[in-house]
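Observations on the model geometry
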Amino acid sequence: MVKTKYSKKDFLSDVFYDILGSIIYAISINCFAKPAHFATGGLNGFSLIINHLTNIPIGVTSLVLNIPLILISYRILGKFFMLRTAKTMIIFSVVLDLMSSILPRYTGNPLMAALYAGILDGLGMVMIYLRGGSSGGIDFITMSIRKLKPHLALGKLSMSINVLILIFAIFAFKNIDAALYGAIATFSSSILIDKVMYGAGAGKMLIIVTDKGKEIACAIDKSTGRGSSIMNIKGAYTEEEKQMVISAMSKAQVFPARKTAYGIDPNCFIMITSTDEVFGNGFNMHND
């Protein structure tokens, strides 16, 4: 099994972004969504509904609901990713509940509350995604399915789950507006995340020239879920033989993939080029 280096600096940076993202998300939920009596999509939105019905803290509920998803996804997504996600989830839950009693409540227009909630929700998630992390929830489901079936379009699955949660919100809050405002918040959040993380549908082609092609390809797969191709190459002047690892991925996946390469081979050459779209999961073949 290939182990990537995870330095103290990386850990502290991850923790900083986890805390920052959690604070921004806590503002979204506690200042806007909860006072306006609507729930956003995802598992955290479902936790907000449970909080409305039972008064159980949102963070605690989210953490408990994620436990079975962790157990189901552990073998598929790998130990390293799951441990990092568990760290993020704990920070996320603690910050969310600690800030619930100290943040002010917005009592203005519910439509504005939905927009503010969605924007802050998206910003909070971006802080976490920028470090290659995840707060769990639906991410576990979609990432596990993508790992097993990389060519499936999973947007409809995520949308279907969110629709079910928003429908449940109608009965929980006893108001159809709860679903409408929740849909606005979820849509706003998704748009912001897409624009910041992926641009206008743009992707990246990562090319790594190294002596450790197989190790890096395996580590990229574990850290980003993307497949790679390996080609043997020879320098035209030096005639030195190297391996070239090629992987197509989203912008959000470039940073953890690049960290992986430096962790395994600090002397490698990395080139990142833009592509219009990223399809599939790589060629999944090795030209040895």
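Because the structure is predicted, anything quoted here is derived from the model rather than measured.

Here we take up the overall build of the protein. Looking only at helices and strands, the protein has 10 helices and five strands in total. Within the protein, the proportion of its 288 residues that are buried is 47%. A fraction of 76% describes how many contacts in the protein between residues 6 or more apart in sequence connect residues 24 or more apart. Counting every atom, the protein has about 14,800 Å² of accessible surface; 66% of that belongs to carbon and sulfur.

Before going further, it helps to spend a moment on helix H2 (residues 42-54). Side chains three or four residues apart in an α-helix point the same way, a direct result of the helix having 3.6 residues per turn. Compared with an ideal rise of 1.5 Å per residue, which puts 13 residues at 18 Å, H2 spans 19 Å between its outermost C-alpha atoms and is within 8% of the ideal. Among the residues making up H2, those that are buried are Gly42, Leu43, Asn44, Gly45, Ser47, Leu48, Ile49, Ile50 and Asn51. Of the residues trailing H2, Asn55 is marked for its positive phi of about 70°.

This next bit is on the packing of aromatic side chains. All told, the structure shown has seven aromatic pairs when counted by the stated rule. Between the aromatic rings of Phe32 and Tyr116, the centroid separation amounts to 5.3 Å while the plane-to-plane angle is 55°, which identifies the pairing as tilted. Of this pair, Phe32 sits in helix H1 (residues 8-36) while Tyr116 sits in helix H5 (residues 110-129); the two residues are 84 residues apart in sequence, bridging distant segments of the chain. The exposure class of Phe32 is buried, given its relative accessible area of 12%. Through a chain of ring-to-ring contacts, the aromatic side chains of Phe32, Tyr106 and Tyr116 assemble into a single cluster.

Once that is clear, we can look at empty space enclosed by the protein. Per the counting criterion, the structure on display carries two cavities of 30 Å³ or more. Here the second largest cavity defines a volume of roughly 30 Å³. For the lining of the second largest cavity, the secondary-structure elements that each account for two or more residues are helix H4 (79-98) and helix H9 (213-224). Broken down by element, the residue count for the lining of the second largest cavity peaks at three residues, all from H4.

As a further point, take the pattern of salt bridges. Counted according to the given criterion, the structure contains three salt bridges. With a closest N to O distance of 2.6 Å, Asp18 and Lys87 form a salt bridge. Remark: Lys87 occurs in helix H4 and Asp18 occurs in helix H1; sequence separation between them is 69 residues.

Below, the discussion takes up a nonpolar patch on the surface. The grouping of Ile56, Val60, Val64, Ile67 and Leu71 at the surface amounts to a nonpolar patch, some 450 Å² of accessible area in total. The topology assignment puts Leu71 in helix H3 (residues 58-77). Exposure remark for Leu71: the relative accessible area of 66% places this residue in the exposed category.

Their axes nearest at 12 Å, the elements H1 and H2 cross at an angle of 45°. On the basis of their axis angle, the class for H1 and H2 is oblique. Our pair here, H1 against H2, has a crossing hand that is right-handed. On H2, the residues that touch Tyr25, Ile29, Ala33 and Lys34 of H1 are Asn44, Leu48 and Asn51. The residue makeup of the contact of H1 with H2, split by class, is four nonpolar, two polar and one charged.

When the pLDDT values of the protein are averaged, the result is 80; 85% of them are 70 or greater. Across residues 276-288, where pLDDT falls below 50, the model places 36 contacts with residues more than four positions away in sequence or in other chains.

As paired strands, strand S2 (residues 229-234) and strand S3 (residues 241-249) are joined by six bridges and run antiparallel to one another. If you follow Ile233 over to S3, its bridge partner there is Lys242. The antiparallel pairing of S2 with S3 creates a hairpin that spans six residues between the two strands, and Glu239 there sits at a positive phi of about 60°.

Bringing the nonpolar core into the picture now. Nonpolar side chains tend to gather and get buried jointly when the protein is soluble and globular. Counting 37 residues, the largest nonpolar core has Ile29, Phe38, Ile49, Leu96, Met125 and Phe173 as the members making the most contacts within it. Mapped onto this core, the elements with two or more residues apiece are H1, H2, H4, H5, helix H7 (155-173) and helix H8 (176-198). The biggest single contributor to this core is H5, with nine residues. Dropping the residues within four chain positions of it, Phe173 is found in contact with His37, Phe38, Ala39, Ile49, His52 and Ala178. Counting residues in hydrophobic clusters, the runner-up holds 15 residues, among them Ile216, Met249, Val254 and Ile264.

How each quantity is defined
Residues numbered from 1 in each chain as written. Predicted model: local features only at pLDDT ≥ 70, side-chain atom pairs only at ≥ 80, totals over all residues. Heavy atoms only, no water. Helix = DSSP H or I, 4+ residues; strand = E, 2+ residues; numbered from the N terminus. Buried < 20%, exposed > 50% of the residue type's maximum accessible area, 1.4 Å probe, protein only. Contact = heavy atoms within 4.5 Å. Areas by Shrake-Rupley, 256 points an atom, 1.4 Å probe, with all protein chains shown as cover. Expected span 1.5 Å × (residues − 1). Phe/Tyr/Trp six-rings, centres within 6.5 Å; stacked < 30°, edge-to-face > 60°. 1 Å grid on protein atoms, 1.4 Å probe; cavity = no way out; pocket = protein on both sides within 12 Å on 5 of 7 lines; lining within 4 Å. Points joined across faces, edges and corners; volume = space filled by probe spheres on them. Salt bridge = Lys/Arg side-chain N within 4 Å of Asp/Glu carboxyl O. Patch = residues over 30% accessible without salt bridge, like charges linked within 9 Å, V, L, I, M, F, W, Y side chains within 5 Å. Axes fitted to C-alpha atoms, helices over the stretch in contact; angles between N-to-C directions. Parallel < 35°, antiparallel > 145°, perpendicular 65-115°, else oblique. Left-handed = near helix turned anticlockwise from the far one by under 90°. Nonpolar A, V, L, I, M, F, W, Y, C, P; charged D, E, K, R; others polar. pLDDT = per-residue confidence, 0-100. Pairing = 2+ DSSP bridges. Core = buried A, V, L, I, M, F, W, Y, C linked by side-chain atoms within 4.5 Å.

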